[in-house]
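Structure at a glance
What follows is each chain in one-letter form.
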Amino acid sequence: MKIGVVCYPTYGGSGVVATELGKALAQRGHQIHFITYNRPIRLSLFSENIFFHQVQTKDYPLFEFIPYESALASTMVDVARYHNLDLFHVHYAIPHASVAYLAKQILKEYDLDVPVITTLHGTDITLVGKNQSYEPVVSFSVDQSEGVTAVSNFLKEATYENFSVRNDIKVIYNFIDESRFQRTNKDHFRKMVTPQNEKILIHTSNFRKVKRVLDVMKIFEIVRKEVPSKLLMVGDGPDRSKAEEYCRERGFCSDVSFLGSQNSVEEIYSIGDLFLLPSASESFGLAALEAMACKVPVIASNTGGLPELVLDGSTGFTSDVGKVEKMAADAIHILEDDKRWKEFSDNAYAHSQNFSLKTIVPQYEKFYEEVIGTLSSVS
Ligand code: GMT
C-alpha cells in the first residue's frame, strides 16, 4: 500500500507512534509518505520505502497566524496525486482530520478517492478537542473519516461521551519495537549515576501541566527518605523549571538529574528500577510501556487508559490522581525488597510483550485493507 502519514513531528507521543508505525510498515514493504512541517524526530535512518514531504508555509505581513492547514491540505493533494496514494493515515484529530477531509474533497476534482483513517491519541479528545473552539470541527471530521482508531478503550468511550461522533472506533493500542526496547547491560552507566548503588527512579514526558511533574518530585521526596535513590527526569517542557525550583527549595536537587530530551531512552530505562507517571490524564501512556519493556515496574495514576497498561499490584501500582503519599508508599513497597522488585519487573516485561510491534502493526495493516476494500467495493 502507498500511505500518506500526517502527524506532529515533535516529541509528543502521537508523533512517535506515527513514525514508529510508518517505519514498521515500510519494513513490511509498504510505501510511506510522511507529510508534516519538520522531519519526525524518530525518523533518522534512510529507507527506500520512506519519503518525507515537508509542508512549506509562507509568512506574510497580513497573517497573524500562518495558515498551516491550507499548506498541509495542498501538500496532501500534491502527494496523493503524484504518488498515487491508497490512503491517508492522520494522527491527532486537530487539525489533521479536518485537513484530510478538505484534501479528500479536492482530490475528488481529479477523480481520485483517497480514504482517510484518523487515529485519536489523547489530548485531541480529552483536553484540547473538548474546547468549544474545536468541538464541532473535530466531531464532523472524525465522522467523515473512513476509519477511526483510538489508542485505548478509555479513549474510545471518552470520544463518544464528549463528542457527537457516531462513527465506529477501533481500539488499536500503542506498541513498542521489541528489538529496540529491551533491558540491556548498562552497568557502567548505572555506576556513573549511582556510585553507592542507590535505586533509580525515572520520569519521562514533555513536562506539560497534564504530566504533574511536581507530583513526581513529591513522590521522590518521600521515597528517598526511606530508600537511598536517585531520580532521572527525561524530557523537557513548560513545567521543567517548576520541578527544578521545587527540589532546589527543598534541598534534594543533588539526587535529581534533569537530562532533557533524549533519543536513546531505552538505555536510560535499562538502568531503571521504577518509572513514575502520575498524570492528570493519559489516554495510554506510551512512555510507561517503553519502560515496562525494559523491565521497569510503573507507579501511575489510575486515570484514562493507564489501567489498561499498568496492572495494579502486578506490573506496578495505580492510584487516584494526586495521591502522592500512596504512590510513594507503593514505590517503597516495590523498591525495598529485591525479590518483590524482580516479580514486578518480570510481570511488567511480560505484559509489555502484549503490545509488541509484531502484534499491533498487523492490526493497523488489516484495518487499512478493510478500509480500502470497503471503498473500492462501493465505487
Ligand atoms: O500528551 C502527550 O503525552 C502527547 C500526546 C500526543 O498526542 O502527542 O500523547 C498522547 O498520545 C500517546 C500516543 O498515542 C499516548 O501514549 C499518550 O498517553 C497521550 N497523552 C495523553 O493522553 C496526555
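Keep in mind it's a predicted model, so treat the numbers as computed, not measured. (Residues numbered from 1 in each chain as written. Predicted model: local features only at pLDDT ≥ 70, side-chain atom pairs only at ≥ 80, totals over all residues. Heavy atoms only, no water.)

**Looking at the domain arrangement of the protein chain**
Just so we agree on the cut-off: Here the limits of each domain have been adopted from an automatic or database domain assignment. Working rule for contacts: check all heavy atoms of both residues, and any pair within 4.5 Å makes them a contact. Once two parts are put together, the accessible area they lose, assessed with a 1.4 Å probe and summed over both, is termed the buried area.
When the domains of the protein chain are assigned, the result is domain 1 (2–175 + 357–378) and domain 2 (187–355). The centre of domain 1, based on its C-alpha atoms, is set 31 Å off from the matching centre of domain 2. Contact with domain 1, which involves 21 residues of that partner, is made by 18 residues of domain 2. Both sides together, the interface formed by domain 1 and domain 2 hides about 1400 Å², and carbon and sulfur atoms give 56% of it.

**Focus: the site of the ligand**
Note the following rule: The nearness test applies per residue and asks whether one of its heavy atoms lies within 4 Å of the molecule or strand. Distance and chemistry together define a polar contact, namely a pair of N or O atoms within 3.5 Å, with one atom able to donate a hydrogen and the other to accept it when in protein, and with adjacent residues in sequence counting only for side-chain atoms on both sides. Only the protein chains shown count as cover for residues, and the accessible areas themselves come from Shrake-Rupley with a 1.4 Å probe. Numbering of helices and strands starts at the N terminus; helices are DSSP runs of H or I of at least 4 residues and strands are runs of E of at least 2.
Surrounding the ligand, one finds 19 residues, the nearest of these being His 121, Asn 174, Arg 208, Lys 211 and Glu 282. Here an oxygen atom of the ligand and a side-chain polar atom of His 121 are 2.6 Å apart. Within the backbone of Leu 286, an N or O atom sits 3.0 Å from an oxygen atom of the ligand. With the chains in place, 95% of the 480 Å² that the ligand exposes on its own is no longer accessible. By residue number, the principal contributor to the shell around the ligand is helix 1 (residues 13–27), which donates 3 residues. Residues lining the shell around the ligand come from more than one domain, with at least three contributed by each of domain 1 (2–175 + 357–378) and domain 2 (187–355).

**Things to note about the pattern of salt bridges**
Where charged atoms from two side chains of opposite charge come close, those side chains can pair. So the rule is basically this: Every case where a carboxyl oxygen of Asp or Glu lies within 4 Å of a side-chain nitrogen of Lys or Arg is listed as a salt bridge. Relative accessible area decides the class of each residue, using a 1.4 Å probe on protein chains only: under 20% of the type maximum gives buried, over 50% gives exposed, and in between gives partly exposed.
Here the structure, examined in full by the defined rule, presents 21 salt bridges. Note that Glu 282 and Lys 211 form a salt bridge whose closest N and O atoms lie 3.0 Å from each other. Taken together, the residues Glu 282 in the loop between strand 11 (274–277) and helix 11 (286–293) and Lys 211 in the loop between strand 8 (199–205) and helix 8 (213–226) connect sequence positions 71 residues apart. A relative accessible area of 12% means that Glu 282 is categorised as buried. With relative accessibility at 11%, the residue Lys 211 sits in the buried group. The closest approach of N and O atoms between Lys 326 and Asp 330, which form a salt bridge, is 2.6 Å. Taken together, the residues span about one helical turn, with Lys 326 and Asp 330 both in helix 13 (residues 324–335) at a distance of 4 residues. Since its relative accessible area comes to 11%, Asp 330 is described here as buried. Here the salt bridges share partners, and the residues they tie into one network are Glu 20, Lys 23, Arg 180 and Glu 266.

**Quick look at the sheet that holds strand 11**
Under the convention used in this document: Only when DSSP finds a minimum of two bridges between them are two strands counted as paired. Angles here are taken between N-to-C directions and fall from 0 to 180 degrees, while the axes themselves are lines fitted to C-alpha atoms, restricted in helices to the stretch in contact.
Strand order in the open sheet made by the 6 strands is 10-9-8-11-12-13, with parallel pairing throughout. Both edges of this open sheet fall to strand 10 (256–260) and strand 13 (316–319), since each of them pairs with a single strand only. Geometrically, the sheet is characterised by an average inter-axis angle of 20° between neighbouring strands, direction not taken into account. Here 2 bridges tie strand 8 to strand 11, and the two strands are oriented parallel to one another. Paired with Leu 201 across the bridge in strand 11 is Leu 274. Sitting on the sheet, helix 9 (residues 240–250) touches strand 9 (229–235) and strand 10, and the angle it makes with strand 10 is about 165°.

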